[in-house]
Amino acid sequence: MPAGRPPELDSNGKPIPKCLVNVTIPTKLRDFLAQHNVNRSELFRTAALQYHNLQICPYCYSHEIKENDKGWRCISDDYERGCEKWLKFKHCKLCNAVHTPTSGLASVNNKVGCDLCPEYLQQKEDNRKINVVFGNEQQR
Ligand SMILES: [Zn+2]
Ligand SMILES: [Zn+2]
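The structure presented is a predicted model; accordingly, all values stated were derived computationally and were not measured.

A. Main features of the overall build of the chain. What the chain contains, in helices and strands, is three helices and five strands. A total of 140 residues make up the chain; the buried ones form 10% of that total. Long-range contacts, defined as pairs at least 24 residues apart, comprise 20% of the intrachain contacts of the chain with a sequence gap of at least 6.

B. Structural detail: unusual backbone geometry. Even without being glycine, Asn-96 reaches a positive phi, approximately 70 degrees. Relative to the assigned elements, Asn-96 resides in the loop between strand 3 (86-89) and strand 4 (105-108). For Asn-109, which is not glycine, the phi dihedral falls at a positive 50 degrees. By secondary structure assignment, the location of Asn-109 is in the loop between strand 4 and strand 5 (111-114).

C. A look at the pairing of strand 2 (residues 71-74). Where strand 1 (residues 65-67) and strand 2 come together, three bridges link them in antiparallel fashion. Paired with Lys-66 across the strands is Arg-73, a residue of strand 2. Turn length for the strand 1-strand 2 hairpin, with the two strands adjacent in sequence and antiparallel, is three residues. Of the strand pairs in this sheet, strand 2 and strand 3 are connected by three bridges, and their pairing is antiparallel.

D. Layout of the nonpolar core. Counting residues in each nonpolar core, the largest one holds five residues, listed as Cys-92, Val-108, Cys-114, Cys-117 and Tyr-120. In this view, Val-108 contacts Leu-94, Gly-113, Cys-117, Glu-119 and Tyr-120; residues no more than four positions away in its chain are not counted.

E. Summary view of the sheet that holds strand 3. Taken together, three strands build an open sheet; the order of strands is 1-2-3 and the sheet is antiparallel. Strands at the two margins of the open sheet, each flanked by one partner only, are strand 1 and strand 3. Each strand of the sheet is rotated relative to its neighbour by a mean of 15 degrees, with strand direction disregarded.

F. A look at helix 3 (residues 118-133). An ideal rise of 1.5 Å per residue puts 22 Å on 16 residues; helix 3 measures up with 23 Å between its terminal C-alpha atoms. Along helix 3, only one of the 16 residues are buried, which leaves the element largely exposed. Two residues or fewer past helix 3, Gly-135 is found with a positive phi of approximately 75 degrees.

G. Fine view of the environment of Pro-118. Mapped onto the elements, Pro-118 comes out in helix 3. In this structure the C-alpha to C-alpha distance between Pro-118 and Cys-95, which are 23 residues apart in sequence, comes to 7.5 Å.

H. Spatial organisation of helix 2 (residues 40-51). With twelve residues, helix 2 should cover 16 Å at 1.5 Å per step; its first-to-last C-alpha distance of 16 Å lies within 8% of that length. Little of helix 2 is tucked away: zero of the twelve residues are buried.

I. Structural view of the environment of His-99. Mapped onto the elements of the fold, His-99 is located in the loop between strand 3 and strand 4. Sequence separation of His-99 and Phe-89 is ten residues, and the distance between their C-alpha atoms is 5.6 Å. Excluding its chain neighbours within four sequence positions, the residues that come into contact with His-99 are Lys-70, Gly-71, Phe-89, Lys-90, Cys-92 and Cys-114.

J. Quick peek at the confidence of the model for the chain. Here the chain averages 88 in pLDDT, and 89% of its residues register 70 or above. No element of the chain has a lower mean pLDDT than helix 3, at 87, and none a higher one than helix 1 (residues 27-35), at 97.

What counts as what
- For every chain, the first residue of the written sequence is number 1, and numbering continues from 1 along that sequence.
- Chain letters start at A and ligand numbers start at 1, both assigned in the order the entries are written.
- In keeping with the model being predicted, local features are shown solely for residues with a pLDDT of at least 70 and side-chain atom pairs are shown and tallied solely at 80 or more, while totals for entire chains, interfaces and linings include all residues.
- Numbered from the N terminus, helices here are DSSP runs of H or I no shorter than four residues, and strands are runs of E no shorter than two.
- Put plainly, a residue is buried at 20 or more neighbouring C-beta atoms within 10 Å of its own, exposed at 12 or fewer, and partly exposed in between, counting only other residues' C-beta atoms, which are placed from the backbone.
- Contact definition: two residues whose C-beta atoms, as placed from backbone geometry, lie within 7 Å.
- Any two strands are treated as partners once DSSP identifies two or more bridges connecting them.
- Nonpolar cores are built from buried Ala, Val, Leu, Ile, Met, Phe, Trp, Tyr and Cys residues. These are joined into a set through C-beta atoms within 7 Å.
- Helix axes are fitted only over the stretch in contact, all axes being lines through C-alpha atoms; the angle between N-to-C directions runs from 0 to 180 degrees.
- For a helix, the expected span equals 1.5 Å multiplied by the residue count minus one.
- pLDDT is a residue-level measure of predictor confidence that goes from 0 to 100.

Here is the structure:
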């Protein structure tokens, strides 16, 4: 890394520790990279992250990635609260909506759906009507 460049920071603002590694590659590949001014550190990092997609957090480089029904999330506990970044979201299996950090899973006809599923919204609306009938809904 050239002197004077600010250190790369992780998602918590801490500098990411780095080290030097040696790799052995064909000479002609080395020549190609040099001719095309390819930053080898950048290339190696990008390639490694893509090759091991969803196994390493690209924000803090933690290896603690957890998959659940919503997607893949970094659960690194290197820090007090952990990185907790979402790496990729899944689509709802029922309505195909893409999950978001705030979206929720919902039981729809005994299947795992989301809180945007039309059936779920209908159920919610029906429940609201029932509550109105029984006087449980607060006055608007
Ligand atoms: Zn992370
Ligand atoms: Zn859904």
